[in-house]
Amino acid sequence: MGVVGETKGDNAYSDYKEDATISPENCDVIHFEVFNPVKAKEEWAISFPTNCKSVRIVINGEDFCDIANKMDCERFLKENPCCGNANEPMYGHGELRWIYDGLIEAFTEGSYAHDCGLELLCCWECGDAGCWSVVAHFRQDENYVYWENFEHNHRDWEYDFSFRFSKIDYYKELVALKAYLEGSSAQ
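Rules behind the numbers
- Residues numbered from 1 in each chain as written.
- Predicted model: local features only at pLDDT ≥ 70, side-chain atom pairs only at ≥ 80, totals over all residues.
- Heavy atoms only, no water.
- Pairing = 2+ DSSP bridges.
- Helix = DSSP H or I, 4+ residues; strand = E, 2+ residues; numbered from the N terminus.
- Contact = heavy atoms within 4.5 Å.
- Axes fitted to C-alpha atoms, helices over the stretch in contact; angles between N-to-C directions.
- pLDDT = per-residue confidence, 0-100.
- Salt bridge = Lys/Arg side-chain N within 4 Å of Asp/Glu carboxyl O.
- Buried < 20%, exposed > 50% of the residue type's maximum accessible area, 1.4 Å probe, protein only.
- 1 Å grid on protein atoms, 1.4 Å probe; cavity = no way out; pocket = protein on both sides within 12 Å on 5 of 7 lines; lining within 4 Å.
- Points joined across faces, edges and corners; volume = space filled by probe spheres on them.
- Nonpolar A, V, L, I, M, F, W, Y, C, P; charged D, E, K, R; others polar.

Draft legend 1. The arrangement of the sheet that holds strand β8 (residues 144-152) in detail. Reading across from one edge, β5-β7-β8-β9 is the order of the four strands in this open sheet, with antiparallel pairing throughout. Every other strand in the sheet has two partners, leaving β5 (118-119) and β9 (163-166) as the edge strands with one partner each. In this sheet, β8 lies alongside strand β7 (residues 134-140) in antiparallel orientation, the contact comprising six bridges. By the bridge assignment, His 137 is partnered in β8 with Glu 148. Of the strands in this sheet, β7, β8 and β9 are in contact with helix α2 (residues 64-79), which crosses β7 at around 130°.

Next comes the structure, spelled out in structure tokens:
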């Protein structure tokens with residue numbers, strides 16, 4: 001399978017070997033699902049019609065967007081009691097190319113995604129991660145990829161979760177995203 005994405009410098013991602021094995025014991029499970037945001041009725045995709053695909057980040061069987069929406073809708077309403085209700089989403093699923101590029105960039109020290117964090121979601125209304133997102137800080141070691149020290153990009157909200165993924169499983173998910181990108185761009 002070889003290298004996925006174009007990376008620079010000495011990083012574990014460029015050293016990926018399909019036959020490498022580690023025990024996934026006590027690891028979180030990540031899966032990326034590609035879908036059509038218009039058909040899924042994502043507000044931003046309906047408001048700004050697009051042919052792009054989005055990525056649903058599923059961690060331990062739960063959509064990360066749902067996790068963030070449940071937590072942050074309540075926080076937002078406490079700060080702004082006149083705005084909306086707790087059932088209105090705040091986050092949407094980011095565009096495929098943008099999510100993939102951020103995930104790859106995070107492996108490169110000195111890059112924005114590595115040093116400032118991965119914007120994992122987008123604003124429900126406009127689709128821009130810079131408008132409203134949850135950010136995870138990326139770290140890796142020989143066997144694992146970590147998403148930790150989560151923060152909101154415009155609020156001083158604390159998050160009490162972090163994730164540790166088997167590096168091999170993480171790479172396999174990136175390989176699948178890249179294959180989808182290459183297949184969809186050839187059409």
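Draft legend 2. Structural context of the sheet that holds strand β2 (residues 54-59). Read from one edge of the open sheet, three strands run β1-β2-β3, paired in antiparallel fashion. Sheet topology places β1 (30-35) and β3 (62-63) at the edges, where each strand pairs with a single neighbour. Summarising the sheet, β1 and β2 pair through six bridges and their orientation is antiparallel. Opposite Val 34, over in β2, you have Val 55 as the bridge partner.

Draft legend 3. A look at the confidence of the model for the protein chain. When pLDDT is averaged along the protein chain, the result is 84, and 82% of the positions lie at 70 or above. Every residue in residues 1-21 scores below 50 in pLDDT, and together they form 38 contacts with partners more than four places removed in sequence or on other chains.

Draft legend 4. Main features of the pattern of salt bridges. According to the stated counting rule, one finds six salt bridges in the structure shown. Where Glu 62 meets Lys 70, a salt bridge forms, and the shortest distance between an N and an O atom there is 3.1 Å. With relative accessibility at 32%, the residue Glu 62 sits in the partly exposed group. Here Lys 70 falls in the exposed class, since its relative accessible area comes to 54%. Lys 178 serves as the salt-bridge partner of Glu 182, at 3.4 Å between the closest nitrogen and oxygen. A residue pair is termed a helical-turn pair when its members lie 3 or 4 positions apart in one helix, as Glu 182 and Lys 178 do in helix α5 (residues 167-185) at four residues.

Draft legend 5. Fine view of the layout of surface pockets. Taken as a whole, the second largest pocket encloses approximately 150 Å³ of empty space. Taken together, Trp 98, Ile 99, Gly 102, Leu 103, Glu 105, Tyr 112, Ala 113, Gly 117, Leu 118 and Glu 119 make up the full set of residues lining the second largest pocket. Of all the elements in the fold, those that place two or more residues in the lining of the second largest pocket are α3 (96-105), α4 (112-115) and β5. Residue contributions to the lining of the second largest pocket peak at five residues, all from α3. Here the residues of the lining of the second largest pocket sort into six nonpolar, two polar and two charged.

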